[in-house]
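Residue-level structure breakdown
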Amino acid sequence: MAYFPLFLQLEKQQCLVAGGGRVALRKIRALREFGGEVEVVSPEIIQPILQMPDVICRCRAFQISDLEGKTLVIAATDEKEENHRISMACREKGILVNAVDQTEDCSFIFPAYIKQGDAVAAFSSGGNSPVAAQYMKRQMEPVLTKHLGELTKCLGDIRAAVKEQIDVRDRKHLYEEILRIGLEEEPMPGEEEIQQLIETYSRKSRKEIWTEQED
Ligand SMILES: C[C@@]1(CC(=O)O)c2cc3[nH]c(cc4nc(cc5[nH]c(cc(n2)[C@H]1CCC(=O)O)[C@@](C)(CC(=O)O)[C@@H]5CCC(=O)O)C(CC(=O)O)=C4CCC(=O)O)c(CCC(=O)O)c3CC(=O)O
Ligand SMILES: NC(=O)C1=CN([C@@H]2O[C@H](COP(=O)(O)OP(=O)(O)OC[C@H]3O[C@@H](n4cnc5c(N)ncnc54)[C@H](O)[C@@H]3O)[C@@H](O)[C@H]2O)C=CC1
């Protein structure tokens with residue numbers, strides 16, 4: 001069965017990673033990239049993790065008390081039974097859990113993803129083949145560029161003003177026009193050009209409202 005994609009607000013959320021190897025490292029990097037606060041507990045922890053700023057490292061085996069106050073947990077040990085035990089304890093406490101070695105012990109799985117600013121695309125194979133998810137990501141990389149990330153931010157910045165000035169029916173066309181200009185033409189539309197477009201659409205909206213009132 002396919003997994004439903006949810007986008008989780010991770011900023012400042014307490015995340016626990018049990019295990020300090022190569023797989024743990026990849027998961028920690030992803031959690032940090034989205035603002036999660038990470039604590040690692042593992043008898044052995046590889047150097048790249050120990051060197052990560054703002055990651056708390058505890059060099060000992062996992063204990064149930066490590067779950068206290070955690071929003072999300074990754075069971076990334078190389079012990080199947082231990083990952084299973086961690087998963088069961090999390091489920092009992094209603095904590096989101098990912099076990100790196102078996103989907104049966106996961107309440108969520110990690111996607112392959114592309115992140116450009118706040119624009120994020122995530123790919124999953126439903127656990128069938130992480131390499132297939134990796135392949136989907138690589139195929140989409142030329143589309144989800146840094147430029148599209150910047151344009152997304154720009155659309156976010158004008159959204160409140162546009163909501164106030166432009167009728168809901170016209171807003172989508174304005175956003176699509178800015179995206180088209182931004183993606184097809186170099187350089188990105190400047191602030192002045194965007195303000196002019198907003199003004200044009202705003203006038204169009206006012207005119208349509210008056211016409212409707214006259215009708
Ligand atoms: C279920 C899931 C749970 C989870 O980890 O969340 C899971 C499970 C397992 N992965 C295994 C192996 C590999 N995983 C990768 C890579 C990635 N794995 C990721 C996600 C997921 N892996 C979740 C499913 C996602 C989905 O399919 O939708 C990615 C996308 C994201 C990330 O890790 O952050 C990341 C690519 C990131 C990127 O490139 O962007 C590679 C390739 C490589 O290393 O380059 C291999 C070797 C090839 C192979 O074996 O397939 C094994 C066998 C372990 C063993 O046998 O020892 C298991 C256990 C099992 O089979 O269930
Ligand atoms: N989901 C994924 O993307 C992938 C998952 N895997 C799975 O991930 C597992 C881990 O892989 P690696 O990181 O390469 O292994 P690793 O051997 O480098 O790291 C395992 C870590 O777990 C720690 N550990 C062992 N018992 C522990 C305990 N009781 N509490 C806390 N930490 C404990 C060890 O000290 C070590 O740091 C593998 O067994 C494999 O099945 C492997 C590849 C990809």
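For the structure itself, consult the block above.
Criteria and cut-off values
Per chain, the residues get numbers from 1 upward, laid out in the order the sequence is written. Each chain takes a letter, starting from A, and each ligand takes a number, starting from 1, following the order in which they are written. In keeping with the predicted nature of the model, local features appear solely for residues at pLDDT of at least 70, side-chain atom pairs appear and are counted solely at 80 or more, and the whole-chain, interface and lining totals rest on all residues. The basis for every side-chain value is the complete set of non-hydrogen atoms in the structure, without hydrogens or water. Here a residue counts as near a molecule or strand whenever at least one of its heavy atoms sits within 4 Å of it. We call two N or O atoms a polar contact when they sit within 3.5 Å, provided that within protein one can donate a hydrogen and the other can accept it, with sequence-adjacent residues counted only if both atoms are side-chain atoms. The method behind every accessible area is Shrake-Rupley, applied with a 1.4 Å probe, and residues are considered shielded solely by the protein chains displayed. Secondary structure follows DSSP: runs of H or I at least 4 residues long count as helices, runs of E at least 2 residues long count as strands, and numbering of each begins at the N terminus. When residues are sorted by character, Ala, Val, Leu, Ile, Met, Phe, Trp, Tyr, Cys and Pro go into the nonpolar class, Asp, Glu, Lys and Arg into the charged class, and all the rest, Gly among them, into the polar class. Any carboxyl oxygen of Asp or Glu that lies within 4 Å of a side-chain nitrogen of Lys or Arg is treated as forming a salt bridge with it. For each residue, the accessible area found with a 1.4 Å probe, counting protein chains only, is set against the maximum for its type, and the residue is called buried under 20%, exposed over 50%, and partly exposed in between. When checking whether two residues touch, look at their non-hydrogen atoms; a contact exists if any pair is within 4.5 Å. By convention a nonpolar core is built from buried Ala, Val, Leu, Ile, Met, Phe, Trp, Tyr and Cys residues, the set being connected through side-chain atoms within 4.5 Å.

Turning our eyes to something else, we now look at the site of ligand 1. If you check the shell around ligand 1, you find 18 residues, and the closest are Lys27, Asn98, Ser124, Ser125 and Lys137. With respect to ligand 1, the backbone of Gly127 contributes an N or O atom lying 3.0 Å from an oxygen atom. Taking Lys137, its side chain carries an N or O atom lying 2.7 Å from an oxygen atom of ligand 1. Expressed as a share of its isolated accessible area of 1,100 Å², the protein-covered part of ligand 1 is 65%. Counting only elements with at least two residues in the shell around ligand 1, the list comes to α1 (22-33) and α4 (130-140). Of the residues forming the shell around ligand 1, the biggest block, four residues, is contributed by α4. Across the shell around ligand 1, the residue classes tally to seven nonpolar, seven polar and four charged.

This paragraph deals with the pattern of salt bridges. In the structure shown here, the tally under the stated rule is eleven salt bridges. With a shortest N-O distance of 3.6 Å, Arg32 and Asp54 are connected by a salt bridge. Residue Arg32 is located in helix α1, and its partner Asp54 is located in the loop between α2 (47-50) and β3 (55-58); the two are separated by 22 residues in the primary sequence. The class of Arg32 is partly exposed, set by a relative accessible area of 25%. Arg85 is the salt-bridge partner of Glu82, the closest N and O atoms lying 3.0 Å from each other. With Glu82 and Arg85 both in helix α3 (residues 80-93) and three residues apart, the pair spans about one turn of that helix. A residue is classified by how much of its surface remains accessible, and Glu82, at 21% relative accessible area, is partly exposed. Relative accessible area serves as the criterion here: at 38%, Arg85 is assigned to the partly exposed category. Here the residues in one salt-bridge network are Glu39, Arg58 and Lys70, joined through shared partners.

Before going further, it helps to examine the site of ligand 2. Surveying the vicinity of ligand 2 reveals 20 residues, the closest of which are Val23, Arg26, Glu44, Phe62 and Val100. Val23 places a polar main-chain atom, nitrogen or oxygen, 3.0 Å from an oxygen atom of ligand 2. Looking at the shell around ligand 2 residue by residue, the class counts come to seven nonpolar, five polar and eight charged.

Here we come to the side chain of Lys27. Considering the arrangement of structural elements, one finds Lys27 in helix α1. The residues touching Lys27, leaving out its near neighbours within four places in the chain, are Ile74, Asn98, Val100 and Phe110.

Glancing now at the nonpolar core. Counting 17 residues, the largest nonpolar core has Val17, Ile28, Leu31, Val38 and Val40 as its most contacted members. Taken together, the elements giving at least two residues each to this core come down to β1 (14-18), α1, β2 (37-41) and β4 (72-75). A total of four residues in this core trace back to one element, the largest contributor, which is α1. Contacts of Val17, omitting those with residues within four sequence positions, involve Ala24, Ile28, Leu31, Val38, Glu39, Val40, Val41, Ile74 and Ala76.

Moving on, we come to the environment of Ile178. Looking at the secondary structure, you find Ile178 in helix α6 (residues 168-184). With relative accessibility at 0%, the residue Ile178 sits in the buried group. Taking the C-alpha atoms as reference points, Ile178 and Glu193, 15 residues apart in sequence, are found 9.4 Å from one another. Aside from chain neighbours lying at most four places away, what touches Ile178 is Leu151, Leu155, Ile158, Pro189, Ile194 and Leu197.

With that out of the way, let us pick up unusual backbone geometry. Notably, Lys12 is not glycine yet its phi reads approximately 65°, a positive angle. Along the chain, Lys12 falls in the segment before β1. Classification of Lys12 as exposed rests on a relative accessible area of 59%. For Asp54, which is not glycine, the phi dihedral falls at a positive 65°.

Don't take any of this as a statement about function, it's just geometry.
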